[in-house]
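# Summary of the model geometry
This is what each chain is made of:
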Amino acid sequence: MSVNHAQQSDAEATNADERVREVSILNRLLSRPELGSVSGAVLVFLFFIIVAGDSGMFSPDGVLNWSMVSAQLGIIAIGACVLMIAGEFDLSIGSMIGFAGMMIAIPTMYWDWPVWTSIIFAFALALSIGFTIGTIVVRTGLPSFIVSLAFLFILRGLTIALAIMFTNRTIVGGVRGAAEGDLLAAAFGGEIGGWLFQWLADVGWLQSFPDGTPIITGIPMIIIWWFLLATIASWVLLRTKYGNWIFATGGDAKAAKNVGVPTNKVKIGAFMFTAFCATVLAACQVLEFGSAAADRGLLKEFEAIIAVVIGGALLTGGYGSVIGACFGALIFGVVQMGIYFSGIDSDWFRVFLGGMLLLAVMFNNAIRRRVTGAAQ
Amino acid sequence: MSDKILELKKVSRYFGSVIALEDIDMEVNAGEVHCLLGDNGAGKSTLIKTLAGVHKPSKGEYFYEGERVEFSSPRDALDRGIATVYQDLALVPLMSITRNFFMGREITRGWGPFKQFDQDRADQIALDGLAEMGIKVRDPQQVVGTMSGGERQCLAIARAIHFGARVLILDEPTAALGVKQTSNVLRVVAQARAKGLAVILITHNVHHAYPVADRFTLLNRGRSMGTFLKSEVTREQVLEMMAGGEEMEKLEAELAEFTRSDEATA
Ligand SMILES: Nc1ncnc2c1ncn2[C@@H]1O[C@H](COP(=O)(O)OP(=O)(O)OP(=O)(O)O)[C@@H](O)[C@H]1O
Ligand SMILES: [Mg+2]
């Protein structure tokens, strides 16, 4: 019955002013989830400027090159990040990329659907699969690791089986021709800002080919999508009530539910968003390359998770940053292309990735302790 | 004082083979403090979680404002103005004070798709709510994981008071609190009653329960032993009803024995 003795440190807190210590800006920065990936990106840039500064890596087309590699990973990392903050994983992201791409190519090439209908069809399918995965996870209470692992195989198998069934091959090409003049297709496979680059080339600020076309003809839509999704996802997470629900669900689902957060809907929504992001990438790839391949996106789920973790998210949920994940993806793109440009054996890329992941996880763990005041 | 707001009729709750509650009948009126008493594991928390929409009754009926209800989640109960301080507080340690305060009930500003969480107003409300509990927070962005146990408890209580429009449920709200904060909580409970709210209070401390309570319901091993008006029972009887009663007397006797033998050896 001794109810009254516990934890009295707060008893005199009424007069708190003398108990506030000025926290340095550095300290505040240190407790931001993005810190690791932003400083990592700076280091990586410095490294390759020194090692490969004159190799063309930082020429306009070199920049475009690693930006696109980063954007490809960045788009799915955004989905994986939101999902991880909500406390779940999706290992089927990579398979979803292959599947959604095929679901755009097959109707277009073999059923004569207009490209925009195929794109909407693929999005609808992907969202319903995301819904299914999410529903299974919240209804059964099984770890999403296992459920989405099952979908990794189901979707990859479906992609190959359907491709063989309808087309008798595993690479379906010719989409680019069919996409000619299609507005929705242009929103994924097109470029914008062509006039700007033409003008830059005309005044001589940008290199051009002998026939006068600039070496960069525009910013690919995939990069636009990356920025768009990052901005929206970040705004939702940090500024809206849905963001609060996502953090709360991942932080402590039971507590969140008890105070009225619809945690099941939040989780299902996060799975659907992840599937959406994978489909955006799939659409960009199919319309950019003009083909869908059944093996596309292989192992991408792991790269996405690595980018998210480098970006400061906790594997246990409830903490992370979309901006951080984007910097994680940027590190990826820069290192991958930097290794190529500087002529380092590309096998070292994997070694680097694994090392980065390990470092990031240890770093995040320390940050978490700092954020929660080393308690628990 | 028969403005009945909540009523349970023959409510049972099972967890697999465990009978947590069996045939509970209970009424709670608006403008009263209703105290739930019982030993550890008696089923108090299960009972209030049933009221709060966390658990659905396995059997029996739940009436709210005269209407039969089946809450499918705590959100439904909150929408009806039933706010709860859970025994485990239901706070997320990685989130800030303000975000915890408004978790699930966020206030927004702006329009349509551009609706935002109203951070400034939320900060102010959270700070004011905590100040009323006697907790002065340095920074509303402070992460809850870094607060002391008592501060967290006050945060959970302040939150429930802010959102509980009709019914306030408090599961051992004073367990970790200092003397001043405890009296603040009891004062707030009395204020809520004066405003016409129904308050359901669980505590193991008779000195907290007796002064503010109007009625007592006693639970024992999942069953209700009845409801008593304060005028019908003395403080000592309440103490006894809290199942610890007899043991306490024994303990006091034993302690007195220790003191005597200490004095003898000294
Ligand atoms: N989710 C659950 N699954 C299984 N058994 C449960 C569950 N919740 C409660 N119980 C059981 O129901 C009984 C009543 O638990 P409850 O938490 O309601 O007790 P209490 O009266 O609040 O005790 P205390 O004073 O210790 O808080 C306990 O025996 C407990 O083990
Ligand atoms: Mg309890």
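Thresholds, definitions, all that
Residues numbered from 1 in each chain as written. Chains lettered and ligands numbered in written order. Predicted model: local features only at pLDDT ≥ 70, side-chain atom pairs only at ≥ 80, totals over all residues. Heavy atoms only, no water. UniProt positions renumbered as here; feature names shortened; annotations may be inferred. Buried < 20%, exposed > 50% of the residue type's maximum accessible area, 1.4 Å probe, protein only. Helix = DSSP H or I, 4+ residues; strand = E, 2+ residues; numbered from the N terminus. Pairing = 2+ DSSP bridges. Near = heavy atom within 4 Å. Polar contact = N/O pair within 3.5 Å; in protein donor to acceptor, adjacent residues only side chain to side chain. Areas by Shrake-Rupley, 256 points an atom, 1.4 Å probe, with all protein chains shown as cover. Nonpolar A, V, L, I, M, F, W, Y, C, P; charged D, E, K, R; others polar. Contact = heavy atoms within 4.5 Å. Phe/Tyr/Trp six-rings, centres within 6.5 Å; stacked < 30°, edge-to-face > 60°. Donors = N, O, S within 2.8 Å, 3.2 Å for Na, K, Ca; no water.

- Chain B is annotated in an unreviewed UniProt entry as Sugar ABC transporter ATP-binding protein from Natronospirillum operosum.

- Per an unreviewed UniProt entry, chain A carries the name Xylose transport system permease protein XylH and comes from Natronospirillum operosum.
- According to its UniProt record, chain A has this under Sequence similarities (unreviewed entry): "Belongs to the binding-protein-dependent transport system permease family. AraH/RbsC subfamily."

## Considerations on the pairing of strand 6 (residues 82-85) of chain B
All names here are of chain B.
- Residues I82 and T84 line one face of strand 6 and the alternating positions A83 and V85 line the opposite face, and both faces are buried.
- Across 4 bridges, strand 6 lies against strand 9 (residues 167-171) in parallel orientation. The partner of V85 across the bridge, within strand 9, is L170.

## Things to note about the site of ligand 1
All names here are of chain B.
- If you check the shell around ligand 1, you find 13 residues, and the closest are G41, K44, S45, T46 and Q87.
- Contact distances for ligand 1 include 2.9 Å between an oxygen atom and a side-chain N or O atom of N40.
- For ligand 1, an oxygen atom lies 3.2 Å from a polar atom in the backbone of A42.
- Taking 640 Å² as the accessible area of ligand 1 by itself, protein coverage stands at 62%.
- Per-element tally for the shell around ligand 1: the top contributor is helix 1 (residues 44-51), with 3 residues.
- Considering only residue class, the shell around ligand 1 consists of 3 nonpolar, 7 polar and 3 charged.

## Some details on the side chain of N100 of chain B
- Mapped onto the secondary structure, N100 of chain B falls in helix 3 (residues 97-101).
- Non-local contacts of N100 of chain B, meaning those with residues more than four positions away in its chain, are made with L91, V92, M95, V144, L155 and R159 of chain B.

## Structural notes on the packing of aromatic side chains
- By the definition in use, this model includes 23 aromatic pairs over all chains.
- Between the aromatic rings of F123 of chain A and F188 of chain A, the centroid separation amounts to 5.8 Å while the plane-to-plane angle is 35°, which identifies the pairing as tilted. A residue pair is termed long-range when its members are at least 10 positions apart, and F123 of chain A in helix 5 (residues 115-140) and F188 of chain A in helix 8 (residues 183-189) qualify at 65 residues. Of the two residues, F123 of chain A and F188 of chain A, neither departs from the other in class, the shared state being buried.
- Ring geometry for Y64 of chain B and F71 of chain B: centres 6.5 Å apart, planes at 65°, overall edge-to-face.
- Taking the relative accessible area as the measure of exposure, Y64 of chain B reaches 0% and is therefore buried.
- Judged by its relative accessible area of 7%, F71 of chain B is buried.
- Here a set of aromatic residues connected by ring pairs shows up, and it is made of F123, F188, W225, F273 and F276 of chain A.

## Thoughts on the coordination of the magnesium ion (ligand 2)
All names here are of chain B.
- Here the magnesium ion (ligand 2) is held by S45 (OG) and Q87 (OE1), and the distances to it run 1.9 to 2.1 Å. Separated by 42 residues along the polypeptide, S45 in helix 1 and Q87 in the loop between strand 6 and helix 3 bring together distant segments of the chain.
- According to the relative accessible area criterion, S45 is buried, its value standing at 18%.
- Of the residues examined, Q87 reaches a relative accessible area of 44% and is grouped as partly exposed.

## Some words on the pairing of strand 4 (residues 59-64) of chain B
All names here are of chain B.
- In this structure, strand 1 (residues 4-15) lies alongside strand 4, joined through 5 bridges in antiparallel fashion. Paired with E7 across the two strands is F63, which belongs to strand 4.
- Bridge count for strand 4 against strand 5 (residues 67-68) is 2 bridges, and the pairing is antiparallel. Its bridge partner being in strand 5, Y64 is matched across the sheet by E67.
- In sequence, strand 4 turns back onto strand 5 through a hairpin of 2 residues, with E65 there showing a positive phi of about 50°.

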